Amino acid sequence: MFDPKIHHRRSIRLQGYDYSQAGMYFITLCTQKRECLLGEIVDGHIQLNDAGRMVQTVWDEIPSHYSGADIDVFIAMPNHIHGIIAIVGAGPRACPDSVEPQANGQPQATGQPQGVAPTGLSLSDVVHRFKTMTTKRYADGVKQKGLPPFSAKLWQRNYWEHIIPNEVELGAIREYIQNNPAQWELDRLNLNQVRRDKTT
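### Focus: the pattern of salt bridges
Pairing between side chains of opposite charge can happen when the charged atoms of each approach one another.
Here is step 1 of the chain: The tally for this structure, following the rule as stated, stands at five salt bridges.
Here is step 2 of the chain: Glu-61 is paired through a salt bridge with Arg-137; the nearest N and O atoms lie 3.0 Å apart. A residue pair is termed long-range when its members are at least 10 positions apart, and Glu-61 in the loop between helix H1 (50-60) and helix H2 (62-65) and Arg-137 in helix H3 (residues 123-144) qualify at 76 residues.
Here is step 3 of the chain: On the basis of relative accessibility, which here comes to 22%, the residue Glu-61 falls in the partly exposed class.
Here is step 4 of the chain: One salt bridge connects Asp-140 with Lys-143, and the closest N-O pair in it is separated by 3.9 Å. Of this pair, Asp-140 and Lys-143 both sit in helix H3, three residues apart, which is roughly one turn of that helix.
Here is step 5 of the chain: Linked through salt bridges whose partners overlap, the residues forming this network are Lys-136, Asp-140 and Lys-143.

This is the structure:
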């Protein structure tokens, strides 16, 4: 269930906060238009489809691409993901692929130079790569496995983030993520629930 006390839009990030410093961050990404592209909830459990399993794999690969990042609890829901990313120290930015898919699933060259940037790792670096890689692999799946095409972009431009200040809140957020499928019918990210609320 969407909780405004936990979720914060990226556009209102804390002024002056160094997002490359060590710490743990709770993030939420939604698919564009909140389309249910990643699976379905059955009896309170998430049943991931090929796209959802791919998203899980890209999340699991984060530490292998960034020496300064680690991952914690994660879940892919039908139209969004929740996860905890730990920035454990400064490190080089990973370079995402230089081919970015268009809305029709066809790749287009972005002209992004390859190599290692000399700047420190930040949360936005990790999220950007996650979005880029999942978009590319989903577009490949449209062509190779017949996945439903996404509309314009796979993910919404913004994402929610929350700095986890202590162990107590970390435990509460872990529990929230793990229980998310069971709360799907009440989830504000569930478009069916939003429509029901508008008619009552």
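### Some details on the confidence of the model for the chain
Here is step 1 of the chain: Scored by pLDDT, the chain has a mean of 78; 72% of the residues are at 70 or more.
Here is step 2 of the chain: Mean pLDDT in the chain bottoms out at strand S7 (residues 107-109), which sits at 37, and peaks at H1, which reaches 97.
Here is step 3 of the chain: A low-confidence stretch, residues 1-12 stays under pLDDT 50, and its non-local contacts, those more than four residues away or across chains, total 30 contacts.
Here is step 4 of the chain: Counted against residues more than four places away or in other chains, residues 194-200, with its pLDDT under 50, gives four contacts.

### Observations concerning the nonpolar core
Here is step 1 of the chain: If you look at the biggest cluster of nonpolar residues, it comprises 33 residues, and the most contacted ones within it are Ile-81, Phe-130 and Tyr-138.
Here is step 2 of the chain: Where this core is concerned, the elements lending two or more residues are strand S1 (23-30), H1, strand S4 (69-76), strand S5 (80-87) and H3.
Here is step 3 of the chain: No other element matches H3, which puts eight residues into this core.
Here is step 4 of the chain: Here Ile-81 is in contact with Ile-27, Thr-28, Leu-29, Leu-38, Val-55, Phe-74, Ile-75, Ala-76, Phe-130 and Trp-155, once residues within four sequence places are set aside.
Here is step 5 of the chain: Counting residues in hydrophobic clusters, the runner-up holds eleven residues, among them Phe-26, Val-73, Met-77 and Ile-177.

### What about the environment of Ala-22?
Here is step 1 of the chain: Within the element layout of this structure, Ala-22 appears in the segment before S1.
Here is step 2 of the chain: The class for Ala-22 is exposed, based on a relative accessible area of 52%.
Here is step 3 of the chain: For the pair Ala-22 and Ile-87, spaced 65 residues apart in sequence, the C-alpha separation works out to 4.8 Å.
Here is step 4 of the chain: Each residue touching Ala-22, except ones within four places of it in the same chain, is listed here: Ile-87 and Val-88.

Reading guide: rules and limits
- Residues numbered from 1 in each chain as written.
- Predicted model: local features only at pLDDT ≥ 70, side-chain atom pairs only at ≥ 80, totals over all residues.
- Heavy atoms only, no water.
- Salt bridge = Lys/Arg side-chain N within 4 Å of Asp/Glu carboxyl O.
- Helix = DSSP H or I, 4+ residues; strand = E, 2+ residues; numbered from the N terminus.
- Buried < 20%, exposed > 50% of the residue type's maximum accessible area, 1.4 Å probe, protein only.
- pLDDT = per-residue confidence, 0-100.
- Contact = heavy atoms within 4.5 Å.
- Core = buried A, V, L, I, M, F, W, Y, C linked by side-chain atoms within 4.5 Å.

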